[in-house]
Amino acid sequence: MKPQPIQSKAVSPSEITPEHLYLSRRRFMQLAATAGISAALAACSPANQPAPVPTAQASRAASGSAPSEPDDLADELTPFESITNYNNFYEFSLDKAAVAARSKDFRTSPWEVEVYGLVNKPRTFGYEDLKGVFDQEERIYRLRCVEGWSMVIPWVGFPLAKLLQVVEPTADAQFVRFETLYDPDQMPGQQRGGFPWPYQEGLRIDEAMNDLAILATGLYGKDLLPQNGAPVRLVVPWKYGFKSIKSIVKIELVETAPETLWSSVAPHEYGFFANVNPDVPHPRWSQSSERRIGESGRRPTLLFNGYAEQVAHLYQGMDLSRYY
Ligand SMILES: Nc1nc2c(c(=O)[nH]1)N[C@H]1C(S)=C(S)[C@@H](COP(=O)(O)O)O[C@H]1N2
Ligand SMILES: [Mo]
């Protein structure tokens, strides 16, 4: 059965049962907002609630002249079919439309994530621990790929900060390094040269502790499919999509900025920070606009992908064109 986008028009909070979806308070607030009280909600939004950014679309939604929609900018969710059939996952294929079929037999159970390095309490979490220890909540985020397309995805997951608090990073831990599974038998792309497998990514510790950064285990209320990074992947919505590393098996707390796959392949094109920024062009194309999957035409790209209110303070005083 094809899951339907969750919209207030179709679903009221009371109709969503725990079996269907674990509803966080945040999600409830979003449903309340889309039920027609968005102006009031904006005025009293808690600190971690993205405040609506005034865009033409948001004001239309607020004034009631268009159907309300669920993300914080009133952007419609991308259909499940698109999210699960248009994928970047080079371990399986360079062809976005082929990833789903090539990854369908990927074994995601049993699965362990080792968290180690500069921590007081290193710990290996089984997948079941990740789902059991940490409350799963829904987070609707825009995903902006560095290639110039974007989607709106209702993830299920939990803040990365919650996991880091459990392992207790030491004072020397300045960065977090993530690593994807290395298994060339299952991931044929890893037999190809040209990329320093396994895929690695990294965040500065303050970025990793930001409430927007989550480890996702699902989307549209269902467990992740392999093509989206099953069973657990990072989601950092204010950065280009390549930072959101899939199928993670290692999380290491380190002192210096780790190597990342794309910045080792093409350091002049892909930096460590990779914050979405319409004013810092890729050397080969502009980043000022994007194609939202399912829409015709392009829409303007927003600084930090529209999450400036939550993350701009992390980069105060930094030259964003130098630290791209
Ligand atoms: N391990 C791994 N993680 C990855 C990638 C990849 O090729 N391998 N691609 C990245 C890129 S470029 C994007 S845009 C997103 C796409 O996520 P999605 O397919 O779930 O939309 O995953 C990121 N994470
Ligand atoms: Mo991407």
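This section reports on the structure supplied with the text. No experiment lies behind these values; they were computed from the predicted model shown. (Residues numbered from 1 in each chain as written. Chains lettered and ligands numbered in written order. Predicted model: local features only at pLDDT ≥ 70, side-chain atom pairs only at ≥ 80, totals over all residues. Heavy atoms only, no water.)

Below, the discussion takes up the overall build of the protein chain. When you go through the protein chain residue by residue, the secondary structure sums to 9 helices and 12 strands. The proportion of buried residues among the 324 residues of the protein chain is 55%. Put simply, 68% of the contacts in the protein chain that link residues at least 6 apart link residues at least 24 apart. Carbon and sulfur atoms make up 53% of the accessible area of the protein chain, which totals about 14300 Å². (Helix = DSSP H or I, 4+ residues; strand = E, 2+ residues; numbered from the N terminus. Buried < 20%, exposed > 50% of the residue type's maximum accessible area, 1.4 Å probe, protein only. Contact = heavy atoms within 4.5 Å. Areas by Shrake-Rupley, 256 points an atom, 1.4 Å probe, with all protein chains shown as cover.)

Okay, the pattern of salt bridges next. A full pass over the atoms with the stated rule returns 19 salt bridges. Note that Glu179 is salt-bridged to Arg177, the shortest N-O span being 2.8 Å. The exposure class of Glu179 is buried, given its relative accessible area of 12%. Note on Arg177: relative accessible area 11%, which makes it buried. Because the salt bridges share partners, they merge into one network encompassing Asp75, Arg144, Glu290, Arg292, Glu295 and Arg299. (Salt bridge = Lys/Arg side-chain N within 4 Å of Asp/Glu carboxyl O.)

Okay, the pairing of strand β6 (residues 200-204) next. Looking down a regular strand, the side chains alternate between one sheet face and the other. Most of β6 is tucked away, with 4 of its 5 residues classed as buried. Judged from the 5 bridges that link them, strand β5 (residues 175-180) and β6 form a sheet pairing that is antiparallel. Within β6, the residue paired with Phe175 across the bridge is Arg204. (Pairing = 2+ DSSP bridges.)

One number sums up the size of the largest pocket: a volume of about 450 Å³. Around the largest pocket, the lining is made up of 28 residues, and of these Asn88, Phe89, Tyr199, Gly241 and Phe242 lie nearest the centre. If you list the elements that add at least two residues to the lining of the largest pocket, you get β4 (149-159) and α8 (261-265). Looking at the lining of the largest pocket, the element that brings in the most residues is β4, giving 4 residues. A per-class count over the lining of the largest pocket returns 18 nonpolar, 6 polar and 4 charged. (1 Å grid on protein atoms, 1.4 Å probe; cavity = no way out; pocket = protein on both sides within 12 Å on 5 of 7 lines; lining within 4 Å. Points joined across faces, edges and corners; volume = space filled by probe spheres on them. Nonpolar A, V, L, I, M, F, W, Y, C, P; charged D, E, K, R; others polar.)

Within the open sheet, the 5 strands sit side by side as β2-β1-β10-β5-β6. Their pairing is mixed. This sheet does not close on itself; its edge strands, each paired only once, are β2 (123-126) and β6. For this sheet, the mean angle separating the axes of adjacent strands, direction not counted, is 15°. Where β5 meets strand β10 (residues 248-254), 6 bridges bridge the pair, whose relative direction is antiparallel. The residue of β10 that forms the bridge with Phe175 is Val254. (Axes fitted to C-alpha atoms, helices over the stretch in contact; angles between N-to-C directions.)

Turning our attention to helix α6 (residues 160-167). Along α6, the residues classified as buried are Leu160, Ala161, Leu163, Leu164 and Val167. Viewed end-on, α6 has its buried residues packed into an arc of 160°, placing them on one side of the element. Where α6 ends, the next residue or the one after it, Glu168, has phi of about 60°, a positive value. (Arc of directions from axis to C-beta.)

Residue Ser109 is joined to Pro110 through a cis peptide bond whose omega torsion reads 0°. Within the secondary structure layout, Pro110 lies in the loop between α4 (99-102) and β1 (112-117). Of note, the amide linkage connecting Ala230 to Pro231 takes the cis form, showing an omega dihedral of -5°. Even without being a glycine, Ala74 presents a positive backbone phi close to 65°. Secondary-structure assignment places Ala74 in the loop between α2 (56-63) and α3 (80-83). Non-glycine residue Tyr220 carries a positive phi angle of around 50°. Looking at the secondary structure, you find Tyr220 in the loop between β7 (214-219) and β8 (222-223). On the basis of relative accessible area, Tyr220 is assigned to the buried category, the value being 3%.

This part covers the side chain of Glu290. As for its position among the elements, Glu290 is in strand β11 (residues 289-292). Looking at Glu290, the relative accessible area reads 3%, which means it is buried. Within polar-contact distance, the side chain of Glu290 engages the side chain of Ser150 at 2.7 Å. There is a polar contact of 2.5 Å between the side chain of Glu290 and the side chain of Thr301. The residues touching Glu290, leaving out its near neighbours within four places in the chain, are Arg144, Gly148, Ser150, Gly297, Arg298, Arg299, Pro300 and Thr301. (Polar contact = N/O pair within 3.5 Å; in protein donor to acceptor, adjacent residues only side chain to side chain.)

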